[in-house]
Amino acid sequence: MAVSYFDDNVTMGGSAQLWNDELEMVEGENWTSFYFSMTTAGEYVITADGAGLHGETNVTVLPGDATLIHVTGPEEIPQDDNATLEVRVTDYYDNTVPTFVGDVAVSTQTEVNYNDPTPIVFTAADEGSKDFSLRFYQPGFQTVSFTSSGLGTGYYETYVLSTAGPAGLEVTQNYDYARPIVGQPYDYADGFNVALIDRG
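Residues numbered from 1 in each chain as written. Predicted model: local features only at pLDDT ≥ 70, side-chain atom pairs only at ≥ 80, totals over all residues. Heavy atoms only, no water.

Asks: In this structure, what is going on with the nonpolar core? I would like to understand it.
Replies: What tends to happen in soluble globular proteins is that the nonpolar side chains get buried as a cluster. With 21 residues, the main nonpolar core has V87, I120, L134, F136, F146 and Y156 as its most contacted residues. Looking at this core, the elements with two or more residues in it are β5 (68-72), β7 (82-90), β8 (102-108), β10 (120-122), β11 (129-136), β12 (140-147) and β13 (154-161). Considering every element that reaches this core, the biggest residue donor is β7, with four residues. Those residues in contact with F146, other than ones at most four positions away along the chain, are I69, V71, L85, V87, V104, A105, V106, I120, F132, T153, G154 and Y156. (Core = buried A, V, L, I, M, F, W, Y, C linked by side-chain atoms within 4.5 Å. Buried < 20%, exposed > 50% of the residue type's maximum accessible area, 1.4 Å probe, protein only. Helix = DSSP H or I, 4+ residues; strand = E, 2+ residues; numbered from the N terminus. Contact = heavy atoms within 4.5 Å.)

Asks: Just checking my understanding: could you explain the environment of V112 for this structure?
Replies: Note that V112 resides in strand β9 (residues 112-114). We classify V112 as buried; its relative accessible area is 16%. Separated by 24 residues in the primary sequence, V112 and F136 have C-alpha atoms spaced 4.9 Å apart. Beyond its immediate stretch of four places on either side in the chain, V112 contacts L134, R135, F136 and Y137.

Asks: Can you help me understand a nonpolar patch on the surface in this one?
Replies: Side chains of L169, V171, F192 and V194 sit close together on the surface and give an oily, nonpolar patch of about 420 Å² of accessible area. Mapped by element, the contributors of at least two residues to the nonpolar patch are β14 (166-173) and β15 (192-198). (Patch = residues over 30% accessible without salt bridge, like charges linked within 9 Å, V, L, I, M, F, W, Y side chains within 5 Å. Areas by Shrake-Rupley, 256 points an atom, 1.4 Å probe, with all protein chains shown as cover. Salt bridge = Lys/Arg side-chain N within 4 Å of Asp/Glu carboxyl O.)

Asks: Is there a simple way to explain the packing of aromatic side chains in this structure?
Replies: Any pair of aromatic rings gets described here by the distance separating the centres and the angle formed by the planes. Enumeration according to the criterion identifies five aromatic pairs in this entry. Aromatic pair F100 and F122: ring centres 5.5 Å apart, planes at 70 degrees, arrangement edge-to-face. Taken as a pair, F100 in the loop between β7 and β8 and F122 in strand β10 lie far apart in primary sequence, 22 residues in all. When sorted by exposure, F100 lands in the same class as F122, which is buried. Each ring, one from F141 and one from Y159, has its centre 4.7 Å from the other, and the planes form 70 degrees; the classification is edge-to-face. Note that F141 is positioned in strand β12 and Y159 in strand β13, a separation of 18 residues in sequence. Here Y159 falls in the partly exposed class, since its relative accessible area comes to 32%. One aromatic cluster is present, formed by Y114, F132 and F146 through successive ring pairs. (Phe/Tyr/Trp six-rings, centres within 6.5 Å; stacked < 30°, edge-to-face > 60°.)

Asks: Could you clarify how one ought to interpret the side chain of D91 in this entry?
Replies: Relative to the helices and strands, D91 is located in the loop between β7 and β8. Despite its burial, D91 pairs with no opposite charge; the closest candidate is R88, at 7.5 Å N-O. Looking at D91, its side chain comes within polar contact range of the main-chain nitrogen of N95, at 2.8 Å. In contact with D91, other than residues within four places in its own chain, are P63, G64, D65, T67, L68 and V97. (Lys, Arg positive; Asp, Glu negative; His and termini not counted. Polar contact = N/O pair within 3.5 Å; in protein donor to acceptor, adjacent residues only side chain to side chain.)

Asks: Is there a simple way to think about the pairing of β5 in this case?
Replies: One face of the sheet, then the other: side chains in a regular strand alternate in exactly this way. Burial along β5 is one-sided: I69 and V71 are buried, while L68, H70 and T72, pointing the other way, are not. When β5 meets β7, the two strands line up antiparallel, connected through five bridges. Of the residues in β7, the one forming a bridge with V71 is V87. (Pairing = 2+ DSSP bridges.)

Asks: What's the story with the pairing of strand β4 (residues 53-61) in this structure? I'm lost.
Replies: With nine bridges connecting them, strand β3 (residues 42-50) and β4 associate as antiparallel partners. Paired with V45 across the two strands is N58, which belongs to β4. Linking β3 back to β4 in an antiparallel pair, the connection comprises two residues, with A51 at a positive phi of about 55 degrees.

Asks: Help me out: how do you make sense of unusual backbone geometry in this one?
Replies: A negative phi angle characterises most non-glycine residues, just as the trans form characterises most peptide bonds. Note the cis peptide between T118 and P119, where omega equals -5 degrees. Counting through the fold element by element, P119 comes out in the loop between β9 and β10. Phi at D80 is positive, roughly 70 degrees, even though this residue is not glycine. Residue class for D80 comes out partly exposed when judged on its relative accessible area of 35%. Positive phi values are uncommon outside glycine, yet E127 reaches one of about 55 degrees. With respect to the element layout, E127 can be found in the loop between β10 and β11.

If you want it as structure tokens, here you go:
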């Protein structure tokens with residue numbers, strides 16, 4: 001049965017972000033238009049309610065074009081341990097682009113062992129996301145760059161913890177304070193310093 005007019009406005013809602021969430025149908029009309037915009041890909045439901053009537057539809061929002069490389073992994077890594085990173089190719093809004101096919105090059109400024117082949121080769125079966133394993137030999141802050149033609153560079157930054165440990169303790173006297181005298185108490189709390197000695 002066709003609806004010729006609504007006495008009330010039609011309220012639009014659901015899980016999508018609508019540009020106009022209240023529509024008006026006037027006499028002689030049996031349809032009207034609306035728009036919505038989403039930044040997260042996925043499944044959404046749009047509902048319409050008015051004049052005691054209800055309707056809804058399901059909408060699939062697809063990712064945009066491949067734009068960026070996003071890399072995630074542990075914030076700290078023990079020296080000489082393997083670390084697994086997740087490398088994703090995304091659109092501008094951080095949605096993984098499952099259709100991306102291509103190579104991603106990996107580069108570092110210090111000695112690193114790549115446990116997986118480089119460049120990273122994305123195929124259709126990867127659906128825009130791959131794990132990549134590597135091992136750092138040098139302690140301290142480290143940065144790994146991921147590049148591919150036409151995409152924004154991805155960076156992975158981490159701190160590599162030294163596993164060598166200290167070699168010992170060094171005890172020194174602070175001569176800013178009076179030197180001890182035989183037979184007298186030496187109660188200066190900061191009279192001596194104790195420090196860790198690194199290996200090598």
